[in-house]
Amino acid sequence: MSGSCRRSVQLGMKASKLQAFNNEIVKALEVALQQESDELDAKSQELTALINQLQDELHQVRLSQSAVNDKKQRYDKLIKETEHAYAKILESSQTLLDVLHQGTQGDAWKDGGQ
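Calculation rules
Residues numbered from 1 in each chain as written. Predicted model: local features only at pLDDT ≥ 70, side-chain atom pairs only at ≥ 80, totals over all residues. Heavy atoms only, no water. Salt bridge = Lys/Arg side-chain N within 4 Å of Asp/Glu carboxyl O. Helix = DSSP H or I, 4+ residues; strand = E, 2+ residues; numbered from the N terminus. Buried < 20%, exposed > 50% of the residue type's maximum accessible area, 1.4 Å probe, protein only. Patch = residues over 30% accessible without salt bridge, like charges linked within 9 Å, V, L, I, M, F, W, Y side chains within 5 Å. Areas by Shrake-Rupley, 256 points an atom, 1.4 Å probe, with all protein chains shown as cover. Lys, Arg positive; Asp, Glu negative; His and termini not counted. Charge placed at Lys NZ, Arg CZ, Asp CG, Glu CD.

(A) Layout of the pattern of salt bridges. Taken as a whole and judged by the stated rule, the model has 2 salt bridges. Residue E46 pairs with K43 through a salt bridge whose shortest N-O separation is 3.8 Å. In this pair, E46 and K43 are both assigned in helix α1 (residues 3–113), 3 residues apart and thus about one turn of the helix distant. With relative accessibility at 42%, the residue K43 sits in the partly exposed group. For the salt bridge of K72 with D76, the shortest nitrogen-to-oxygen distance reads 2.8 Å.

Below you can see the structure in the form of structure tokens.
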């Protein structure tokens, strides 16, 4: 074998080794990218499930809050009605006291005038 033939064979072997290394690097990168993609997909599914769970919880909280607000409105209405009724009772009591007071003053005046 001549020198140039030998170099050509050596370059061919080096090129073949280089191509084999390139192929290994490409395979390793593909595997690493696939693993990363799978991990990201799993994380995405996990986060989506968590979002759905939190949305359900938020919906339940809002329903509960709505029920509490409805109760509060009913209680506020009842309190206003009770306060109004109490004010009427006080007004009636005051009127009754005024009538009784006038009646007792009239009786005392009549008793004193006889």
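That shown, we press on.
(B) A look at a negative patch on the surface. Taken together, the side chains of E36, D38, E39 and D41 present a region of like negative charge at the surface. Residue placement: D38 occurs in helix α1. For D38, a relative accessible area of 40% puts it in the partly exposed group.

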